[in-house]
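Structural features, examined
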Amino acid sequence: MNYNKENTLLYVENLSVAYGDKTIIKDINFVEKDVIRDGQVTGQVIAIVGRSGTGKSTLFRALTGLVKPSSGKVLIADTKTGEGNDAKEVHEGDIGFVDQKYTLFRNKTVYQALMFALRKKEMSDEAKDKQIMTYLKDWGLEQAKDQYPCELSGGQRQRTAIIEQIFCSGHYMVLDEPFSGLDVGNIEDVKNAFKLITSSHEFNTIIYSTHDIDLAVELADSIYVIGYPEVEGKRMPYGSIVKHIDMKELDLAWKDFGLGHLEVVKQIKQVMLQS
């Protein structure tokens, strides 16, 4: 499938995070560019997979500016300029972060929480209301707009948390295990949410972790495997990227799950077992 890569949207160089004397992740390097396809808006979907304890959550905290790297840097495109040609260092709030608990304000309804998320946007109340109602309709939450978090299903809470972060942060979204503990219907809801996000703006970039390798391979156009790297025959005690799979280069991105995807699943599982 024809595509081009244009502006750099995410640039991670020599990223390391240590807590005290313990190094959690080290030497993380990757670059993701804006993917352009003729005739359609194509956001980026990046999956991070790896065994438990290899530092995925720590990487996410560093990517979102929630933890300061011990070394290295994370740069994103400064999309406020419109063209995305300028780069800026990540600070907390630049990248939306949805954790596994889908944390929401307990004392705000869905509508109130989304209005609060738009508080810093220079828009009239009427424009904010219109944006909120459009999202609620597109994301199947119209009936839940006056409900509080305790009255929502897990899927509804998750979708509300995602929209909230889109409103606060703009084009970048990190989701920690978005499929964990969901039933089949809710998994389909999250898949549809991914499509809504990536089809609404070229710069929109989803980064997510999952233990379900099939879902990583089915949905992502770029996959990074985190494991314990081997240096000079010795297994290191910190997490790093041990393999990158570009689904676009393999001509498997944006296609229905098939035999080619199954081969990639096998490959990833083998790498994970070895690292």
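Quick note: structure is the one above.
Let me sum up the structure you'll find in this document. (Residues numbered from 1 in each chain as written. Predicted model: local features only at pLDDT ≥ 70, side-chain atom pairs only at ≥ 80, totals over all residues. Heavy atoms only, no water.)

**Some details on the overall build of the chain**
Condition: The secondary structure listing takes helices from DSSP runs of H or I that are at least 4 residues long and strands from runs of E that are at least 2 residues long, numbered from the N terminus. Using C-alpha atoms as the atom set, the radius of gyration is obtained and then compared with a globule rule of 2.2 Å times the number of residues to the power 0.38. Between buried and exposed lies partly exposed: a residue is buried under 20% and exposed over 50% of the maximum accessible area for its type, with that area taken using a 1.4 Å probe on protein chains only. In short, Shrake-Rupley with a 1.4 Å probe defines the accessible areas, and a residue's cover is counted only from the protein chains shown. His residues and chain termini do not enter the charge count, which takes Lys and Arg as positive and Asp and Glu as negative. Charge placement uses NZ in Lys and CZ in Arg. For Asp and Glu, CG and CD serve respectively.
Each helix and strand in the chain was counted, giving seven helices and 12 strands. Relative to the compact-globule value of 19 Å for 275 residues, the chain shows a C-alpha radius of gyration of 19 Å, a close match. Projected onto its principal axes, the C-alpha positions of the chain cover 60 × 45 × 40 Å. For the chain, buried positions account for 48% of its 275 residues. Accessible area of the chain: about 13,800 Å², with a carbon and sulfur share of 46%. Looking at charge distribution, the chain has the averaged site of its 33 positive side-chain charges lying 5 Å from that of its 40 negative ones.

**Side note on the sheet that holds strand β8 (residues 205-209)**
Spelled out, the test is: For two strands to be treated as a pair, DSSP must find at least two bridges joining them. To define axes, lines are fitted to C-alpha atoms, for helices over the stretch in contact only, and angles between the resulting N-to-C directions are given on a 0 to 180 degree scale. The contact rule is simple, with two residues in contact once any of their heavy atoms fall within 4.5 Å.
Spatial strand order, β6-β7-β8-β3-β9-β12: six strands in an open sheet with mixed pairing. Strands at the two margins of the open sheet, each flanked by one partner only, are β6 (96-98) and β12 (240-246). Going across the sheet, the axis of each strand differs from the next one's by a mean of 20 degrees, ignoring polarity. Here helix α4 (residues 154-169) sits on the sheet and contacts β6 and β7 (172-175); the angle it forms with β6, its principal contact strand, is near 165 degrees.

**A short note on the nonpolar core**
Basically, it comes down to this: As used here, the term nonpolar core means buried Ala, Val, Leu, Ile, Met, Phe, Trp, Tyr and Cys residues forming a set that is joined through side-chain atoms within 4.5 Å. Boundary definitions for the domains trace back to an automatic or database domain assignment.
Grouped together as the largest cluster of nonpolar side chains are 50 residues, with contacts concentrated most on F194, Y208, I223 and I268. When residues of this core are sorted by domain, at least three fall in each of domain 1 (4-95 + 169-274) and domain 2 (96-168). Ignoring sequence-local partners within four residues, the contact set of I268 consists of V49, I213, V217, I223, V225 and I245. Grouped together as the second largest cluster of nonpolar side chains are 27 residues, V17, I24, V74 and I95 included.

**A few points about the pairing of β7**
Quick reminder of the rule: A clockwise course of the path from the first strand over the helix to the second, judged with the strands pointing away from the viewer, identifies a crossover as right-handed.
The alternating pattern of β7 places Y172 and V174 on one face and M173 and L175 on the opposite face, and all of these are buried. Pairing geometry for β6 and β7, over three bridges, is parallel. Bridge pairing in β7 places V98 opposite L175. The handedness of the β7 to β8 crossover, carried by helix α5 (residues 184-198), is right-handed.

**Notes on the packing of helix α2 (residues 110-117) against α4**
What counts is decided by this rule: By the definition adopted for this analysis, an angle is roughly parallel if under 35 degrees, roughly antiparallel if over 145, roughly perpendicular if from 65 to 115, and oblique otherwise. Here is the rule for handedness: rotate from the far helix to the near one, and if that takes an anticlockwise turn smaller than a right angle the crossing is left-handed, while a clockwise turn gives right-handed.
Remark: α2 packs on α4, axes separated minimally by 8 Å, with the N-to-C direction vectors making an angle of 20 degrees. One element, α2, and the other, α4, form an angle in the roughly parallel class. Of the two elements, α2 crosses α4, and the hand of that crossing is right-handed. Together, V110, A113, L114 and A117 of α2 and T160, I163, E164, F167 and C168 of α4 make up the contact between the two elements.

**Some words on α5**
Filter applied, for reference: To estimate how far a helix should extend, the number of its residues minus one is multiplied by 1.5 Å. Regarding the arc, it is the one traced by the directions from the helix axis to the C-beta atoms. Polar contact is defined as a pair of N or O atoms within 3.5 Å, subject to the rule that within protein one atom must be able to donate a hydrogen and the other to accept it, and that residues adjacent in sequence are counted only when both atoms are side-chain atoms.
The end-to-end C-alpha distance of α5 is 21 Å, a good match for the 21 Å that 15 residues give at a rise of 1.5 Å each. Within α5 the residues assigned to the buried category are N186, I187, V190, K191, A193, F194, I197 and T198. What you see down the axis of α5 is that its buried residues fit within an arc of 155 degrees, all on one side. Away from its buried face, by an angle of more than 90 degrees, α5 presents the exposed residues V184 and K195. Two to three positions downstream of the cap, the backbone nitrogen of G185 sits 3.2 Å from a side-chain oxygen, assigning the N-cap of α5 to D183.

**A word on the side chain of T42**
Its location among the elements puts T42 in the loop between β2 (22-36) and β3 (44-50). Judged by its relative accessible area of 3%, T42 is buried. At 3.1 Å, the side chain of T42 and the side chain of R37 are in polar contact. Apart from residues no more than four positions distant in its own chain, T42 is found in contact with D34, V35, R37, T198, E202 and W254.

**Let's talk about unusual backbone geometry**
Its identity as a non-glycine residue notwithstanding, E232 has a phi of 50 degrees, on the positive side. Exposure remark for E232: the relative accessible area of 83% places this residue in the exposed category.

**Some details on the packing of aromatic side chains**
Condition: Only centres within 6.5 Å qualify two rings of Phe, Tyr or Trp (six-membered ring in Trp) as a pair; their planes then separate them into stacked at under 30 degrees, edge-to-face at over 60, and tilted for everything else.
For the structure shown, the criterion picks out eight aromatic pairs. Here the aromatic rings of Y135 and F167 are separated by 4.9 Å at their centres, their planes lie at 85 degrees, and the arrangement is edge-to-face. Taken together, the residues Y135 in helix α3 (residues 125-138) and F167 in helix α4 connect sequence positions 32 residues apart. Through a chain of ring-to-ring contacts, the aromatic side chains of Y135, W139 and F167 assemble into a single cluster.

By themselves, these figures tell us nothing about what the structure is for.
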